[in-house]
There are 2 protein chains.
Amino acid sequence: MKHILMFGAGGKSSIFIVEYLSELVKEKNWKLTLCDRNLDALSAKIGNPSYIDYKTTDIIDNNKRSDLISSADFVISMLPAFLHNLVAKDCLNHSKNMVTASYVSEEMKALDEQVKEKGLLFMNEIGVDPGLDHMSAKRVIDEIHELGGKFSRFETFTGGLIDPKSDNNPLNYKFTWNPRFVVIAGSSGSVKFLQEGQYKYIPYHRLFRRTELIEIENYGMFEGYANRDSLKYIKSYNLEGIKTMYRGTFRRPGFSRFWDVFVQLGATDDHYTLENSDQLTFRSFINSFLVYHPNDSVELKLMHYLKLDYDSDIMSKLKWLGVFEETKVPLKNATPAQILQYILEQKLKLEEGDNDMIVMWHKFIYELNGKQYDRESSLVCIGEGSTHTAMAKTVGLPLAIYTKHFLEGRIKKTGVHIPITADVYEPVLKELEDHGIVFKEKVVEH
Amino acid sequence: MKHILMFGAGGKSSIFIVEYLSELVKEKNWKLTLCDRNLDALSAKIGNPSYIDYKTTDIIDNNKRSDLISSADFVISMLPAFLHNLVAKDCLNHSKNMVTASYVSEEMKALDEQVKEKGLLFMNEIGVDPGLDHMSAKRVIDEIHELGGKFSRFETFTGGLIDPKSDNNPLNYKFTWNPRFVVIAGSSGSVKFLQEGQYKYIPYHRLFRRTELIEIENYGMFEGYANRDSLKYIKSYNLEGIKTMYRGTFRRPGFSRFWDVFVQLGATDDHYTLENSDQLTFRSFINSFLVYHPNDSVELKLMHYLKLDYDSDIMSKLKWLGVFEETKVPLKNATPAQILQYILEQKLKLEEGDNDMIVMWHKFIYELNGKQYDRESSLVCIGEGSTHTAMAKTVGLPLAIYTKHFLEGRIKKTGVHIPITADVYEPVLKELEDHGIVFKEKVVEH
């Protein structure tokens, strides 16, 4: 009898985890406790079988959180990343194993020794990106290394985009996951990667002008920009000595250059609040980043500031979005990023009948037995409506499947980890195939 | 008998404080204790009179710091700003008054209630900028308010620059204070100001392209860029309802546009360290921010990236600085900002015989008795050599003079304050005139 406790169960990325684990605990006679601040929508979907408990808990309440964790055998945190640490410390105190889909934070990393001492395993980065990217890439890397091959290049891109069938706007983009993270994407620090043996660094305000174009068969062209620190995975992927290491994010071509308008203005800043933000309009919000002039229009000032032509693609996209309109912003004490998000949400929401799409693409160049090979792996996953999105599926299933295999005793290691070893990625990737998550591989000899 | 304790006494901006207070304690039969990590240079200058104690103390040592503070009557912190809080907490514990020349941090502000309860006064922002700017501007503002006037505009700029007689390089700039703060200037968050009733925000990566030109009689043209949050002083200056409020920093014309090259590259970033920084050269440092190409030169890539002409002023300044040379960077685990500082220090150090210059300029527009007035106040202070700089003088003397008047019982308030009331600015500004720190005023009726 195992008792699984899940925080953040009501979140957008949790539905596949909840459904998968409901089946699992039913079959095994285990128990599943689902926690979130609001569980009404979830319980309406899942119902009230005896093997599921709902707990409407504020995660910040130390006593309640600690009590819940002490009563569980295994803890899933699908909370916002900055809250994992609260859960992790309780898991350590009560000697419980846990899993998250988020990047390993410095605080999480610092727990490694203590986690090991208690014989526990805290698995992280086991969603889609990070997660599925690690597992699918590392499987190829380990395979080629075992054959005696040596990598000179690894590039990987993931994008949370829109099903081409639902793609009906000039940005070729809709919010398929938390819009907040889309607005602040890339702003958390300088981007680092390795290209032909040279370390390269891109500051945030240049990121969206340093893109590359990639074609994926049957799905057309994508545009990628660099994602965070690619260097830290060189060691964990066993790629020491590699010449090019690049992790990136996919958008459709043209998106990044358009997005750069907001970056240049400072409209994606999430670190300060605007004065009188609830008295702004979309137009005066844009104007607050432009030079003062008693008569010149916001349009002209913007075009001049960012060197845009009136008949440019970018200007027509801005007009379509409505950024020059005198529509009221109803947000008090809002940051630029929050207001921008509000403006974008008016036009970029998933509509009834829309599906999302996850695209992942890896490129490996390696030498094996004196020959050089190019290998591409790609995955395209299309969502099914606004709840069972491809995002929720590719974030949730890896974590849910991992949970099963861990609780069935198949994964033995201890410490703070990410899914880059065969004991983890083999069973997870194998079972993901049953759910239609299958990589297409293409190898070309040079 | 009073005992003054000064932390950071060995720093560049401390010499005038130490000299002023040495005289004071000698005359009054008081005592002065000077603390820093290294005091050799200072004690060589000041000597060892009976009324001065030297303490080579690590400020981080909680017990030693607390002991020192408990034995003093008044504490001066000329430490780096992030360390004031350690001193402030001990001052609160031991009920000691203190003073700093730094911006009031959130932590400092939060102590206000407790400081008041204990009947103490923690004075901050009483250097040059912030400090002398507050006092000289607020004196004018209070004067006009008393006459029944109303302000529509206040602009203020300060620059730590080079004496025109020592100005012999194409940047018209040398490091006259801590180079680190010059390199990261403006990067601490978005800039905010008010212009003609509109709130304006400039992100860091645009700051150095949003300048204005100002002429100061006999000293030529200066260029100003916006400095931090101007809005927060509207209330403390009693300027509610003003239409334009702008605080800025002076450079010589052309500097900001040149500096923007480093900002655009990301070379001023101080938040991450470069891989293998001690294997970089000036040239490969610049190249690490540019796109990879197997053959193209760093010069061409830079010119293309930032849209610079080969025969432009900016390119010739970059060449003069030596950024394209294969000179080794001898710094381990260095941030971009640290490496850039090293490169700049090769060419921008104060040389034997050089003097620095502080320039401060205020512009007020106000209505009084139905008429509109333009008023400008300006201050130019030229340093005397590499120790008795204008920077050290204008930072140190306001703080030192304040200390005297406070200890003589003339300043009675309690809490966390900045020098914007007549009880503080009147005696300080009056005595500064004896030291040649005099504002030139010019009033024109419209």
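Residues numbered from 1 in each chain as written. Chains lettered and ligands numbered in written order. Predicted model: local features only at pLDDT ≥ 70, side-chain atom pairs only at ≥ 80, totals over all residues. Heavy atoms only, no water.

Caption draft 1: Main features of the overall build of chain A. Looking only at helices and strands, chain A features 17 helices and 16 strands. Projecting the C-alpha coordinates of chain A onto the three principal axes gives extents of approximately 70 × 60 × 40 Å. Put simply, 71% of the contacts in chain A that link residues at least 6 apart link residues at least 24 apart. A total accessible area of about 18,700 Å² is found for chain A, and carbon and sulfur atoms account for 46% of it. Each charge class in chain A was averaged separately, 55 positive and 61 negative side chains, and the resulting centres sit 2 Å apart. (Helix = DSSP H or I, 4+ residues; strand = E, 2+ residues; numbered from the N terminus. Contact = heavy atoms within 4.5 Å. Areas by Shrake-Rupley, 256 points an atom, 1.4 Å probe, with all protein chains shown as cover. Lys, Arg positive; Asp, Glu negative; His and termini not counted. Charge placed at Lys NZ, Arg CZ, Asp CG, Glu CD.)

Caption draft 2: Inspection of the confidence of the model for chain A at higher detail. Across chain A, the average pLDDT comes to 96, with 100% of residues at or above 70. The complex model carries a pTM of 0.92, and its ipTM stands at 0.90. (pLDDT = per-residue confidence, 0-100.)

Caption draft 3: Focus on the relation of the copies chain B and chain A. For the pair chain B and chain A, the relating rotation is 180 degrees, the translation along its axis is 0.0 Å, and the fit reaches an RMSD of 0.0 Å. Expressed as a symmetry operation, the mapping of one chain copy onto the other fits a two-fold axis. If distances are taken from each C-alpha of chain B to the rotation axis, the shortest is found for His-205 of chain B, at 3.4 Å. A share of 100% of the interface residues of chain B reappears at the interface of chain A, consistent with the copies meeting face to face through the same patch. (Least-squares fit on C-alpha atoms with pLDDT ≥ 70 in both.)

Caption draft 4: Spotlight on the packing of helix H1 (residues 15-28) of chain A against helix H16 (residues 390-407) of chain A. All names here are of chain A. Where H1 contacts H16, the axes come no closer than 7 Å and their chain directions differ by 30 degrees. As judged from the angle between their axes, H1 and H16 are roughly parallel. Judged by the sense of rotation from one axis to the other, the crossing of H1 with H16 is right-handed. Across the interface between the two elements, Ile-15, Phe-16, Ile-17, Tyr-20, Leu-21 and Leu-24 from H1 touch Ala-392, Lys-393, Gly-396, Leu-397, Leu-399, Ala-400, Ile-401, Thr-403 and Lys-404 from H16. A per-class count over the contact of H1 with H16 returns 11 nonpolar, 2 polar and 2 charged. (Axes fitted to C-alpha atoms, helices over the stretch in contact; angles between N-to-C directions. Parallel < 35°, antiparallel > 145°, perpendicular 65-115°, else oblique. Left-handed = near helix turned anticlockwise from the far one by under 90°. Nonpolar A, V, L, I, M, F, W, Y, C, P; charged D, E, K, R; others polar.)

Caption draft 5: Inspection of the pairing of strand E10 (residues 212-216) of chain B at higher detail. Residues and elements named next belong to chain B. Strand direction decides the pairing type here: E10 and strand E11 (residues 220-226), joined by 5 bridges, are antiparallel. Paired with Ile-216 across the bridge in E11 is Gly-220. Joining the antiparallel neighbours E10 and E11 is a turn of 3 residues, in which Asn-218 adopts a positive phi near 75 degrees. (Pairing = 2+ DSSP bridges.)

Caption draft 6: Quick peek at the sheet that holds strand E5 (residues 97-100) of chain A. All names here are of chain A. Overall, parallel pairing links the 7 strands, which are arranged E3-E2-E1-E4-E5-E6-E15 in an open sheet. Two strands lie at the open edges of the sheet, namely strand E3 (52-56) and strand E15 (415-417), each paired on one side alone. Neighbouring strand axes in the sheet, compared pairwise and without regard to direction, differ in orientation by 15 degrees on average. Of the strand pairs in this sheet, E5 and strand E6 (residues 121-123) are connected by 2 bridges, and their pairing is parallel.

Caption draft 7: Spotlight on the sheet that holds strand E1 (residues 3-7) of chain B. Residues and elements named next belong to chain B. Taken in spatial order, the 7 strands of this open sheet run E3-E2-E1-E4-E5-E6-E15, and their pairing is parallel. Strands with a single pairing partner mark the edges of an open sheet, and in this sheet they are strand E3 (52-56) and strand E15 (415-417). The mean angle between the axes of side-by-side strands here comes to 15 degrees, regardless of whether they run parallel or antiparallel. Direction of pairing for strand E4 (residues 74-77) relative to strand E5 (residues 97-100): parallel, over a ladder of 4 bridges.

Caption draft 8: The arrangement of the environment of Arg-206 of chain A in detail. Residue placement: Arg-206 of chain A occurs in helix H9 (residues 204-207). The class of Arg-206 of chain A is buried, set by a relative accessible area of 16%. Aside from chain neighbours lying at most four places away, what touches Arg-206 of chain A is Gln-264, Tyr-305 and Leu-306 of chain B. (Buried < 20%, exposed > 50% of the residue type's maximum accessible area, 1.4 Å probe, protein only.)

Caption draft 9: Spatial organisation of unusual backbone geometry. Note the cis peptide between Asp-129 of chain A and Pro-130 of chain A, where omega equals 10 degrees. In the Ramachandran plot, Ser-95 of chain B falls in the positive-phi region, its phi being about 55 degrees despite a non-glycine side chain. With respect to the helices and strands, Ser-95 of chain B occurs in the loop between helix H4 (84-93) and E5. In this structure, Asn-333 of chain B is a non-glycine residue whose phi angle is positive, near 45 degrees. Turning to its location among the elements, Asn-333 of chain B is positioned in the loop between helix H14 (313-321) and helix H15 (336-348).

Caption draft 10: Highlighting the pairing of E3 of chain A. Relative to E3 of chain A, strand E2 (residues 31-36) of chain A is paired through 5 bridges, and the arrangement is parallel. Looking at the pairing, Asp-36 of chain A lines up with Thr-56 of chain A of E3 of chain A.

Caption draft 11: Molecular detail of the side chain of Asp-269 of chain B. By the element assignment, Asp-269 of chain B lies in the loop between helix H11 (255-265) and helix H12 (282-287). The charged side chain of Asp-269 of chain B is buried without a salt bridge, its nearest counter-charge being Lys-192 of chain A at 9.1 Å. Setting aside anything within four residues of it in sequence, one finds Asp-269 of chain B in contact with Ser-190 of chain A together with Thr-335, Pro-336 and Ala-337 of chain B. (Salt bridge = Lys/Arg side-chain N within 4 Å of Asp/Glu carboxyl O.)

Caption draft 12: Seen up close, the domain arrangement of chain A. Residues and elements named next belong to chain A. When cut into domains, chain A gives domain 1 (3-124), domain 2 (132-258 + 352-390 + 440-445) and domain 3 (273-334). Placing the centre of domain 1 and that of domain 2 at their C-alpha centroids yields a distance of 29 Å. With 6 residues of domain 1 at the contact, the number on the domain 2 side is 9 residues. Taken over both partners, the interface formed by domain 1 and domain 2 buries close to 680 Å², and the fraction arising from carbon and sulfur atoms is 52%. Per-residue buried area on domain 1 facing domain 2 is highest for Lys-12, Phe-16 and Tyr-103; these three make up 69% of the total on that side. Taken together, the connections running from domain 1 to domain 2 amount to 0 salt bridges. Across the contact surface, domain 1 and domain 2 share 2 residue pairs in polar contact (both at pLDDT 80 or more). Per-element tally for the side of domain 1 that touches domain 2: the top contributor is H1, with 3 residues. Here the residues of the side of domain 1 that touches domain 2 are counted per class, giving 3 nonpolar, no polar and 3 charged. (Domains from an automatic or database assignment. Buried area = accessible area lost by both parts, 1.4 Å probe. Polar contact = N/O pair within 3.5 Å; in protein donor to acceptor, adjacent residues only side chain to side chain.)

Caption draft 13: Representation of the pattern of salt bridges within the structure. Inspection of every chain in the model, using the stated rule, returns 42 salt bridges over all chains. Asp-90 of chain A is the partner of Arg-65 of chain A in a salt bridge, and the nearest nitrogen-oxygen pair spans 2.8 Å. Here Arg-65 of chain A, found in helix H3 (residues 62-70), pairs with Asp-90 of chain A, found in helix H4 (residues 84-93); they are 25 residues apart in sequence, far enough to count as distant. Residues Arg-65 of chain A and Asp-90 of chain A agree in their burial class; the two are buried. With a closest N to O distance of 3.0 Å, Asp-112 of chain B and Lys-116 of chain B form a salt bridge.

Caption draft 14: Representation of the interface of chain B and chain A within the structure. Listed per partner, the contact involves 32 residues of chain B and 32 residues of chain A. Counting each side, the surface lost to burial between chain B and chain A is near 3,000 Å², with a carbon and sulfur contribution of 50%. Looking at the side of chain B facing chain A, the largest losses of area belong to Tyr-201, Arg-206 and Tyr-292 of chain B, adding up to 22% of the total buried there. Linking chain B with chain A are 0 salt bridges, by the criterion used here. In this structure, the connection of chain B to chain A is made through 20 residue pairs in polar contact (both at pLDDT 80 or more). When residues of the side of chain B that touches chain A are traced back to their parent elements, those giving at least two are strand E8 (191-195), strand E9 (198-202), helix H9 (204-207), H11 and helix H13 (298-305) of chain B. With 4 residues, E9 of chain B is the single largest residue contributor to the side of chain B that touches chain A.

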